[in-house]
Amino acid sequence: MADFRRKIGHCSVLAAELWVLRDSLQLCIDRNILCVEMEVDASPIIELLEDIEANFWRPLGNLICDLAGTFCRAS
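Residues numbered from 1 in each chain as written. Predicted model: local features only at pLDDT ≥ 70, side-chain atom pairs only at ≥ 80, totals over all residues. Heavy atoms only, no water.

Caption draft 1: Geometry of the pattern of salt bridges. Applying the stated criterion across every chain, the model contains two salt bridges. Arg-22 is the partner of Asp-23 in a salt bridge, and the nearest nitrogen-oxygen pair spans 2.9 Å. Like Asp-23, the residue Arg-22 is buried in the burial classification. Here Asp-66 and Arg-22 are joined by a salt bridge, their closest N and O atoms 2.4 Å apart. With a gap of 44 residues between them, Asp-66 in helix H4 (residues 61-74) and Arg-22 in helix H1 (residues 13-30) connect regions that are remote in the sequence. Here Asp-66 falls in the partly exposed class, since its relative accessible area comes to 29%. The class for Arg-22 is buried, based on a relative accessible area of 14%. (Salt bridge = Lys/Arg side-chain N within 4 Å of Asp/Glu carboxyl O. Buried < 20%, exposed > 50% of the residue type's maximum accessible area, 1.4 Å probe, protein only. Helix = DSSP H or I, 4+ residues; strand = E, 2+ residues; numbered from the N terminus.)

Okay, here's the thing in structure tokens:
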């Protein structure tokens with residue numbers, strides 16, 4: 001069991017969900033937990049991650065690319 005916190009200031013719900021997903025996955029990598037199943041109930045997150053190149057220039061583009069890179073490190 002572990003918990004984490006991040007001060008992200010004021011942001012959208014979508015941005016907060018992306019940060020939680022990224023930080024959760026990074027925590028698993030740091031603890032060498034490589035078999036993880038994550039559920040996301042926000043379809044916009046899945047859509048953003050399915051086409052990273054098209055979403056790179058969006059306001060959350062850097063976070064989306066960082067999250068995709070974290071997924072790659074985990075696999």
